[in-house]
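Observations on chain architecture
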Amino acid sequence: ETVSTFGLGWAPPGWDGLLKAAERRFSPGLLARAGLVVENERGGYSDRFRSRLTVPIRSPLGRTVGFGARTLGDEEPKYLNSSETEVFQKGKILFGLPEAKASLKTTDEAIVVEGYMDAMALSQVGIGNVVASCGTAFTENQAALLRRYVERAVLLFARRFARVRHHG
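This next bit is on the overall build of the protein chain. Check the secondary structure of the protein chain and you find six helices and nine strands. Looking at the protein chain residue by residue over its 168 residues, the buried ones come to 33%. In the protein chain, the proportion of contacts linking residues at least 24 apart, taken out of those at least 6 apart, comes to 61%. When the accessible surface of the protein chain is split by element, carbon and sulfur atoms take 51% of a total near 10,800 Å². Across the protein chain, the 23 positively charged side chains and the 18 negatively charged ones have centroids separated by 2 Å.

So this is what it looks like as C-alpha cells:
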C-alpha cells in the first residue's frame, strides 16, 4: 500500500538505466539539470540514483517536482535528492502533502517530521496527517504552505546529542 500511495520505485544498479529509458523524451543535459543524472569527467552521463529506493516528491497539486532516493545498503550518502530547480526547492515543499490532505482536513492538525522515510513510516501505521520537511530544517515557506491546510502543527524532529569531553 505504501509503494502505491507514495509512488515508490527502484533505480537499478546500472549506470545508464534512466538514461536509456528517457532518451526518447529527454536530453541528458535536461536530466542533469533536474539532478537525475550526473555528468562524468569524460563528458558522458550516468544515473545519479542507481541501486536506491526512489521517492517522488510532489507539489501540493500532486505533480512530481523532484525525487529523493535512499540506499538500502551501507553506501554513502544514505540519502540523495534531485538538484534544486525552478519547480523543486526543498525549503518550499512538504513531502507527503498531497497524500495527507484528507487527513489534515479531518484533524486540522499536521505532524511535521524530518524526512520522507519518517512520514511514510507513520503513514504505514495509520497516522495520515503527516508531512515531512524534505531535510533537516522546517522553513518559513513550509510553515506558510502548511498554514493553508491546518490550524495546528506539531514538529516531531529527532534531537541528536553529542557527548563532548573536555581536556584540561
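Moving on from the coordinates now.
Right, let's talk about the packing of aromatic side chains for a bit. Under the counting rule described, the total for this entry stands at three aromatic pairs. Relative to Y116, the ring of Y79 has its centre 5.7 Å away and its plane inclined at 80°; by these criteria the two rings are edge-to-face. Placement of Y79 in strand β6 (residues 79–81) and of Y116 in helix α5 (residues 116–124) is noted, with a sequence separation of 37 residues between them. Since its relative accessible area comes to 5%, Y116 is described here as buried. One aromatic cluster in this structure is built from F6, Y79, F95 and Y116.

Attention now moves to the sheet that holds strand β5 (residues 64–71). Ordered by their spatial adjacency, four strands build an open sheet running β1-β4-β5-β6, and the pairing between neighbours is antiparallel. Only two strands of the sheet have a single partner each, and these edge strands are β1 (9–11) and β6. Averaged over neighbouring strand pairs, the angle between their axes works out to 30° when direction is ignored.

What follows concerns the pairing of strand β7 (residues 109–113). In summary, the side chains of a regular strand alternate between the two faces of the sheet. Here β7 lies mainly inside the structure; four of its five residues are buried. Relative to strand β9 (residues 152–156), β7 runs parallel, the two sharing five bridges. Counterpart to E109 in the pairing with β9 is R152. Both β7 and strand β8 (residues 130–132) contribute to a ladder of three bridges, which runs parallel.

Let us now look at helix α4 (residues 97–107). Turning to α4, its buried residues are L97, A100 and L104. Relative to the axis of α4, the buried residues are bounded by an arc of 65° and lie together on one face. Looking at α4, the residues exposed on the side facing more than 90 degrees away from the buried face are A102, K105 and T106. Backbone geometry just after α4 places D108 at a positive phi near 55°.

A few words now on the side chain of N129. Mapping N129 onto the fold places it in the loop between α5 and β8. Those residues in contact with N129, other than ones at most four positions away along the chain, are A100, S103, L104, T107, E109, A110 and I111.

Across the sheet, three strands lie side by side as β8-β7-β9; this open sheet has parallel pairing. Pairing within the sheet leaves two strands with one partner each, and these edge strands are β8 and β9. Taken pair by pair, the neighbouring strands of this sheet meet at an average axis angle of 30°, ignoring direction. Relative to the sheet, α5 contacts β7, β8 and β9, its axis offset from that of β8 by approximately 170°.

What counts as what
Residues numbered from 1 in each chain as written. Predicted model: local features only at pLDDT ≥ 70, side-chain atom pairs only at ≥ 80, totals over all residues. Heavy atoms only, no water. Helix = DSSP H or I, 4+ residues; strand = E, 2+ residues; numbered from the N terminus. Buried < 20%, exposed > 50% of the residue type's maximum accessible area, 1.4 Å probe, protein only. Contact = heavy atoms within 4.5 Å. Areas by Shrake-Rupley, 256 points an atom, 1.4 Å probe, with all protein chains shown as cover. Lys, Arg positive; Asp, Glu negative; His and termini not counted. Charge placed at Lys NZ, Arg CZ, Asp CG, Glu CD. Phe/Tyr/Trp six-rings, centres within 6.5 Å; stacked < 30°, edge-to-face > 60°. Pairing = 2+ DSSP bridges. Axes fitted to C-alpha atoms, helices over the stretch in contact; angles between N-to-C directions. Arc of directions from axis to C-beta.

Purely geometric numbers; function is a separate question.
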